[in-house]
Amino acid sequence: MNTFVIETKHLDLFYDSFQALTDINLNIEEKKITALIGPSGCGKSTLLRVFNRMNDLIDGVRITGDVNVLGDNIFTPETDLIALRQKIGMVFQRPNPFPLSVYENIAFGLKIHRNQSKKEFTDIVKESLKSVILWDDLKDRLDNSALKLSLEQQQRLCIARVLTMKPQIILMDEPCSALDPIATLRIEELMQELKKNYTIVIVTHNMQQAARASDNTAFLYLGELVEYGETKHIYSSPKEKRTEDYLTGRFG
Amino acid sequence: MERHFQRELESLKTSLIKMGSVVEENIALAIRSVMENNQELALKVIESDTRVDALEIEIDNAIVDLLALQQPVASDLRFILAALKINNDLERIGDHAVNIAQAAQVLCSLPNVELMDEIPKMVEITRTMLKDAIDSFILLDPVKARIVLKTDDQIDDLNRIVIRKVIELLKSNKQTAECGLELSLVSRNLERVADLATNIAEEVIFHTQARVVKHHAEDKEH
């Protein structure tokens, strides 16, 4: 049976009087890669930012409806945002390493959140870098500045930094848009490895990336969830004409 | 804005329609060569097959380019997959036209050839099926395509009757053996053309409605 780690029910989101999301009912499957696609301004990044409540940082945002993450409603006064964001890591468009060493970048979150020995830190740093296939490249350069790495390595490092928090869900907002095609394919391969242990939700402008990399695809248009299903079905036989028109480039 | 890709898809469709009309014409001529005992028409069909073969390769190449360069999805993908199969089906129908024409050449050299009543019936039904299958592709009309699917059983029945009559002929009169064999070939080739017309209709349904209907797949769903 499918297990859902994120469930939205009748989710509406307004920026002041502008409605950016309308009646979104979406269940994200555990340990699958779900792609959110749609033209610019369709609400896909807004939706992604609902899941870790990043929209709270924007003035004038109002949300109605239910959003359950790992079984808990995340819009209650009791919701612990720090705990929520530990469970849901996020990777952004531009790699954003801190201006610190490779080691410090990975250990940063651990220092804030946990009390662990140096040995434990080092083990977690090693494990995280191995998970993103950076360990062999960087094990002798852990003290070098993270800003000196290639963009792909920086993005991998940012993913490794997320993994140290032991999240269950990773949100990715256009994670490959700053990368060249080869680096993009390697990050997509990494996503396939990561989904063995994590649920991934990715926003992408690149329709072929969604087709290659995801298990499920949600197509949003003008703030509505037009169609949601297995990627192989969406890309071969979409049910909705608007999905068909978008995928075949007839609009968008 | 119409994309370049859309124009290429239209051009692929136009090439297939052209191939369809050549093949339809060849089948018509091959049938006439049998019915009218006409060597010249038979020869015309045999010579025209090189054109069908050349068109098949041209269309195959266009499809490879579209798949490699445009990475089509959704109905575009289904259209290209259908086009690939229809191209192959049409080429095979062209081959059957040649087989029928070759049988006509032999029949022309034989005295007292009598066609069974079922053969003109098969000819009429097969030609209608082929025309409807090609029209359903031109118009992207799944309703017309489904009519083709329903007709195929009639041809199978008629083919069985012809084969039975040929066997009787072979048993009763050894002098008509060669004629009987050629007539069974004509019948068998008409039956294959009807099958391939059915395949084309199935591909039209796959493209337009994203439904797989071959091998009675829909019956098995119920």
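Just so it is clear, the structure is predicted and the values come from calculations on it, not from any experiment.

Visitor: Even after reading the chapter, I still don't get the overall build of chain B, so can you show me in this structure?
Guide: When you go through chain B residue by residue, the secondary structure sums to seven helices and zero strands. What you see in chain B, going N to C, is helices and strands ordered as α-α-α-α-α-α-α. Taking 17 Å as the expected radius of gyration for a compact globule of 222 residues, we find that chain B reaches 19 Å, a close match to that expectation. Sequence-distant contacts, at least 24 apart, represent 81% of the contacts inside chain B between residues at least 6 apart.

Visitor: Before we go on, may I ask you to explain the overall build of chain A in this structure?
Guide: Helix and strand counts for chain A come out as ten helices and ten strands. Each principal axis of the C-alpha atoms in chain A carries an extent, and together these give about 55 × 45 × 40 Å. Taken over 252 residues, chain A has a buried fraction of 41%.

Visitor: What exactly am I supposed to notice about the sheet that holds strand E1 (residues 4-15) of chain A here?
Guide: The strands making up a sheet associate through hydrogen bonds between their backbones, and the pairing can be parallel or antiparallel. The sheet built from four strands is open, its strands ordered E2-E1-E4-E5 (chain A) with antiparallel pairing. The open sheet has two free edges, formed respectively by strand E2 (18-29) and strand E5 (72-73) of chain A, since each of these has just one partner strand.

Visitor: How should the interface of chain A and chain B be read in this particular structure?
Guide: Interfaces are often sized by the amount of accessible area the parts lose when they come together. Counting residues at the interface gives ten residues for chain A, matched by nine residues for chain B. Only helix H8 (207-213), helix H9 (231-236) and helix H10 (241-247) of chain A provide two or more residues apiece to the side of chain A that touches chain B. Looking at side-chain class alone, the side of chain A that touches chain B contains four nonpolar, five polar and one charged residues.

Visitor: Before we go on, may I ask you to explain the sheet that holds strand E8 (residues 199-203) of chain A in this structure?
Guide: All names here are of chain A. Taking strand neighbours across the sheet as the criterion, the six strands line up as E6-E7-E8-E3-E9-E10 in an open arrangement whose pairing is mixed. Looking at the sheet topology across the chains shown, the edges are occupied by strand E6 (88-91) and strand E10 (224-230). With direction set aside, neighbouring strand axes in the sheet form an average angle of 15°. Pairing of strand E3 (residues 33-37) with E8 involves four bridges; the strand directions are parallel. Bridge pairing in E8 links Ala 35 to Ile 202. Where helix H1 (residues 44-51) meets the sheet, it contacts E3, E6, strand E7 (169-173), E8 and strand E9 (216-221), and its direction lies at approximately 150° from that of E8. Sitting on the sheet, helix H6 (residues 151-163) is in contact with E6 and E7, with an inclination near 170° to E6.

Visitor: Would you take a moment to explain the nonpolar core for this structure?
Guide: Where a protein is soluble and globular, its nonpolar side chains tend to be buried together. Judged by nonpolar contacts, the single largest core of 69 residues is most densely connected at Leu36(A), Ile170(A), Leu171(A), Ile200(A) and Val201(A). Broken down by element, the residue count for this core peaks at six residues, all from H6(A). In contact with Leu36(A), not counting residues within four places along its chain, are Lys44(A), Leu47(A), Leu48(A), Val201(A), Val203(A), Ala218(A) and Leu220(A). Grouped together as the second largest cluster of nonpolar side chains are 59 residues, Ile27(B), Ile59(B), Leu66(B) and Leu130(B) included.

Visitor: How should H1(A) be read in this particular structure?
Guide: Because the α-helix completes a turn every 3.6 residues, residues three or four places apart line up on one side. Residues and elements named next belong to chain A. The element H1 is extensively covered by neighbouring structure, given that eight of its eight residues are classed as buried. By the burial criterion, the buried members of H1 are Lys 44, Ser 45, Thr 46, Leu 47, Leu 48, Arg 49, Val 50 and Phe 51. Two residues or fewer past H1, Arg 53 is found with a positive phi of approximately 55°.

What counts, and at which threshold
Residues numbered from 1 in each chain as written. Chains lettered and ligands numbered in written order. Predicted model: local features only at pLDDT ≥ 70, side-chain atom pairs only at ≥ 80, totals over all residues. Helix = DSSP H or I, 4+ residues; strand = E, 2+ residues; numbered from the N terminus. Rg over C-alpha atoms; globule rule 2.2 N^0.38 Å. Contact = placed C-beta atoms within 7 Å. Buried ≥ 20, exposed ≤ 12 C-beta atoms within 10 Å, placed from the backbone. Pairing = 2+ DSSP bridges. Nonpolar A, V, L, I, M, F, W, Y, C, P; charged D, E, K, R; others polar. Axes fitted to C-alpha atoms, helices over the stretch in contact; angles between N-to-C directions. Core = buried A, V, L, I, M, F, W, Y, C linked by C-beta atoms within 7 Å.

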